[in-house]
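Summary of the model geometry
So the chains spell out like this:
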Amino acid sequence: MDIKVALVGNPNTGKSTLFNRLTGLNQKIGNFPGITVDKKTGFMKLETGKGAEIIDLPGTYSLYPKSSDESIVFQVLADSKNSSYPDVIVLVVDASNLKRNMLLYSQVADLGIPMVLALNMIDLSEKQGIKIDLDKLAEKLGIQVVSISARNNVGIDQLKSAISNTNKIATQFQDVDVNSLAPAAINAIKSKLNSDNDYYALQVLHQHEYLNFFTPKEQEEIEAIEQSHHFESAKTQAAETILRYKNLSLILADVVTDNDSAKKFTLSDKLDSILTHKIWGFAIFLLILFVIFNAIFAWSSYPMQWIEAGFGFITNTGHEYLPAGMLTNLVLDGIVAGLGGIFVFIPQIAILFAFISILEDTGYMARVTFMMDKIMSKVGLNGKSVVPMIGGLACAVPSIMAARNIENWKDRMITIMVTPLVSCSARLPVYILIISLIIPSKNILGIFNLQGLALMVMYLVGVIAAVLVAWIMKFLIKTKERAYFIMELPVYRMPRWKNVLYTMYEKSKTFVFEAGKVIIAISIILWVMATFGPGNRFDRIDQKYASALADTTRDSKHIETLIATEKLENSYVGILGHWIEPAIRPLGYDWKIGIGLITSFAAREAFVGTMATIYSVDGGDEDTSTIRARMSSSVNNRTGLPVYTFATGISLMLFYAFAMQCMSTVAIVYRETKGWKWPVIQLVYMTAMAYFAALIAYQLLK
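This write-up is about the structure you can find in this document. Note that the structure is a prediction, hence the values are computed from the model and not measured.

What counts, and at which threshold
- Residues numbered from 1 in each chain as written.
- Predicted model: local features only at pLDDT ≥ 70, side-chain atom pairs only at ≥ 80, totals over all residues.
- Heavy atoms only, no water.
- Helix = DSSP H or I, 4+ residues; strand = E, 2+ residues; numbered from the N terminus.
- Buried < 20%, exposed > 50% of the residue type's maximum accessible area, 1.4 Å probe, protein only.
- Contact = heavy atoms within 4.5 Å.
- Areas by Shrake-Rupley, 256 points an atom, 1.4 Å probe, with all protein chains shown as cover.
- Axes fitted to C-alpha atoms, helices over the stretch in contact; angles between N-to-C directions.
- Left-handed = near helix turned anticlockwise from the far one by under 90°.
- Salt bridge = Lys/Arg side-chain N within 4 Å of Asp/Glu carboxyl O.
- Phe/Tyr/Trp six-rings, centres within 6.5 Å; stacked < 30°, edge-to-face > 60°.
- 1 Å grid on protein atoms, 1.4 Å probe; cavity = no way out; pocket = protein on both sides within 12 Å on 5 of 7 lines; lining within 4 Å.
- Points joined across faces, edges and corners; volume = space filled by probe spheres on them.
- Nonpolar A, V, L, I, M, F, W, Y, C, P; charged D, E, K, R; others polar.
- Core = buried A, V, L, I, M, F, W, Y, C linked by side-chain atoms within 4.5 Å.
- Expected span 1.5 Å × (residues − 1).
- Bend = angle between axes of the 7 residues up to and from the residue.
- Parallel < 35°, antiparallel > 145°, perpendicular 65-115°, else oblique.

Another point: the overall build of the protein chain. For the protein chain, the helix and strand inventory stands at 30 helices and eleven strands. For the protein chain, the proportion of its 702 residues judged to be buried stands at 53%. In the protein chain, of all internal contacts separated by at least 6 residues, the share reaching a separation of at least 24 is 72%. Here the protein chain displays about 32000 Å² of accessible surface, and carbon together with sulfur accounts for 61% of that area.

Here it is in structure tokens:
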């Protein structure tokens, strides 16, 4: 690329919309070097024919970071050796809130990088009676100023032209003398770092411990300068902010004219009086969640069935026409099955993120997080944790992806760590099967079905567990980052349907290509373990049933099912089931349940299919009545007692309620945290929690 352009701005200024407008589909997501924060980059052609790399830096209200995401902005803009260091900065501001947005501009301008000021949402500011003299503002600032509306594709060409024509040397004026705030300390840092920029030196004094481009020795030397000159960060920051606002008032005095300030946001205020009401606000929110929750189930059911049927057709057709053998089985039963497990999640991911995009675009999501933050913060969560946790009732995979909207690292990590405890739809087949075995189907008070109440209790158990674990993690997870909740309430707008569709596409693509790699690998491993066994065990099983298969009077389908069951028991997975039986016996489980626990790691609902094979069900995993009949009559060989007692059933449901029985969730946590540390911690704590909850329940109830 010929030049690098960084987009910088406050949250809710339309920076991401502008990024999408400039780059279209020509973009990618990576991460900043050495930092687990998403790096969005895209590419565009300028009118000069040159190529420009666009870097969308995280939104921030100032260069003083309050989250790990916000700290990225100064790290990139201050380090000329950083791979994302820009040739040009486009500072995006909300034209209707110019003075507040210009504080960030004033700080960034003092870093001495060539700049263009983009006044976004100019159409909304004009509707509000706000007039801005662009020429006078450009003259006072010393840079190009362009008015745009990223939503409506207005002024984008002019912005591209301004980027092309930006000088290689910064032209913006520096009207605030920051050197006067701490002259001795600033000059010492300038001398130490061989820099002539006062503001760079001041920011190094403020936040050097968060800057990873300094060596440990340099950090110690900077700290020594800070201590020797008695530098007071908070006091200096406050003094700087006051100076900047005073200067901005002078700059904007005859630039901005507000002719209709009395009528601004009247509609938004009226809507807010209802939507953020302490009673009606929560009632409306619950109604919206009910609609979303039902839509995720109802709207995704047919696409998911089509996807499953499509992959089933591919598998059946492949077995019918491809030559029989290990390679065919690996491709169809391993890789194709793994792909099916990936693609089947796409409808839920797309629908959930479509709703999230609509709620964000309309401005309603900001109101939800505002309402919920006070409640959620008491247990170590964030107002923005509401959406991932509610979405977890459908599927933890898209819900964990939705936690990206939480700026604070600690709040985001706690949300990711507890969301899988909320019972997802994949647990539903397991709950229904076990409840039908241990809970009688009868009504209480002639209204409430006992089995239905048991199912509701299991969902409540998951929600309560998530809240309790979040509260504990609030004390265990340490961070230097302070938890702030700063939420701007934007005006209500119609959603941008093109943006909604793009969000659905982008999130689905990210899941398929990122999490899919891990899912396919684990699917192949599980297939190999379930298909092969040690020695000649499988040959002996074939010999055992050879005469039965040759007998035309016998039911060949039933014989084949018996063979499959016996081979499964003697496969590596079956051996592993027997091997772990001593560990799971105190929970009331036998080796067959152990196999179900292992195979359902691919997907929780796989437990039902595994039980169908193990108990030699002729009708397959869809014949749940037969599964129930076989399972209810099964007897423990060691004790002679029924396997599925009330105690065993409760124990098993609690295990599935708490255990990380889903490789897709592990894969997406790895994707979102950029490493194996947090998924391993999550897997260990959830497995331990599941084991001990199941152990206590069985021992108390047996």
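What follows covers the packing of helix α29 (residues 663-673) against helix α30 (residues 677-701). At a closest axis distance of 8 Å, the pairing of α29 and α30 adopts a crossing angle of 145°. In this structure, α29 meets α30 at a crossing whose hand is right-handed. Touching V666, V669, Y670 and T673 of α29 are W678, P679 and Q682, all from α30.

Note that E226 resides in helix α9 (residues 216-228). Judged by its relative accessible area of 13%, E226 is buried. Non-local contacts of E226, meaning those with residues more than four positions away in its chain, are made with L205, H208 and F231.

Attention now goes to the pattern of salt bridges. Tallied over the entire structure, the rule returns nine salt bridges. Measuring nitrogen to oxygen at the nearest pair gives 2.9 Å for the salt bridge that ties D110 to R244. Here D110 is found in the loop between α3 (98-109) and β6 (115-120), whereas its partner R244 is found in helix α10 (residues 233-252), with 134 residues between them in sequence. Across the pair, R244 and D110 agree in class, each one buried. For K567, the salt bridge is made with D542, and the minimal N-O distance between the two is 3.0 Å. With K567 in helix α23 (residues 556-570) and D542 in helix α22 (residues 537-550), the pair connects residues that are 25 residues apart, well separated along the chain. Each of D110, E240 and R244 takes part in one network of salt bridges that share partners.

Let's shift gears to the packing of aromatic side chains. With the rule as written, the count across this model stands at eleven aromatic pairs. Relative to F355, the ring of W299 lies with its centre 5.7 Å away and its plane at 25°, an arrangement referred to as stacked. Of this pair, W299 sits in helix α12 (residues 280-321) while F355 sits in helix α14 (residues 346-362); the two residues are 56 residues apart in sequence, bridging distant segments of the chain. With relative accessibility at 54%, the residue W299 sits in the exposed group. Exposure remark for F355: the relative accessible area of 16% places this residue in the buried category. Taking 4.4 Å as the distance between ring centres and 25° as the angle between the ring planes, the aromatic pair formed by Y670 and W676 counts as stacked. Look at Y670 and you get partly exposed, because its relative accessible area is 31%. Residue classification places W676 among the partly exposed positions, given a relative accessible area of 43%. Clustering of aromatic rings is evident, with ring pairs tying together Y589, F655 and Y656.

The backbone of N153 sits at a positive phi, close to 60°, despite the residue not being glycine. Relative to the helices and strands, N153 resides in the loop between β8 (144-147) and α6 (156-164). Residue classification places N153 among the partly exposed residues on the basis of a relative accessible area of 44%. Phi angles above zero are rare outside glycine, and N194 is one such case at about 55°. For N194, a relative accessible area of 73% puts it in the exposed group.

Attention now goes to empty space enclosed by the protein. On inspection of all chains with the given rule, the structure shows three cavities of 30 Å³ or more. The computed volume of the largest cavity comes to approximately 100 Å³. Forming the walls of the largest cavity are 14 residues, and the residues nearest its centre are Y105, S106, F173, D175 and N247. Secondary structure elements with two or more residues in the lining of the largest cavity: α3, α5 (134-141) and α10. With four residues, α10 is the largest single contributor of residues to the lining of the largest cavity. Of the residues belonging to the lining of the largest cavity, the class tally is seven nonpolar, three polar and four charged. Counted as a void, the second largest cavity has a volume near 70 Å³. What lines the second largest cavity is L289, I292, L352, F355, I356, L359, M365, V387, I390 and G391. For the lining of the second largest cavity, the elements supplying multiple residues, two or more each, are α12, α14 and α16 (386-391). Considering each element in turn, the lining of the second largest cavity owes the most residues, four residues, to α14.

Within the element layout of this structure, V643 appears in the loop between α27 (624-633) and α28 (646-658). Classification of V643 by relative accessible area gives buried; the value is 4%. It is 7.4 Å that separates the C-alpha atoms of V643 and Y589, two residues lying 54 residues apart in sequence. Each residue touching V643, except ones within four places of it in the same chain, is listed here: G588, D590, I593, S634, V635, N636 and T648.

Here the focus is the nonpolar core. The biggest cluster of nonpolar side chains holds 95 residues, and the ones touching the most others in it are V418, Y589, F607 and L652. Residues contacting V418, with those up to four places away along its chain left out, are L381, M389, A466, V469, A470, M473 and Y685. I113, L193, L211 and I251 belong to the second largest nonpolar core, which has 58 residues in total.

For α22, which comprises 14 residues, the first-to-last C-alpha distance of 20 Å matches the rise-based estimate of 20 Å (1.5 Å per residue) to within 8%. Along α22, the sharpest change in direction is near 35° and occurs at K544.

Packing of helix α25 (residues 591-599) against α28 brings their axes to within 12 Å, and their N-to-C directions diverge by 15°. By the angle class used here, α25 and α28 are roughly parallel. Two packed elements cross with a definite hand, and for α25 against α28 that hand is right-handed. Mapping the contact onto sequence places I593, G596 and L597 in α25 and T648, L652, F655 and Y656 in α28.

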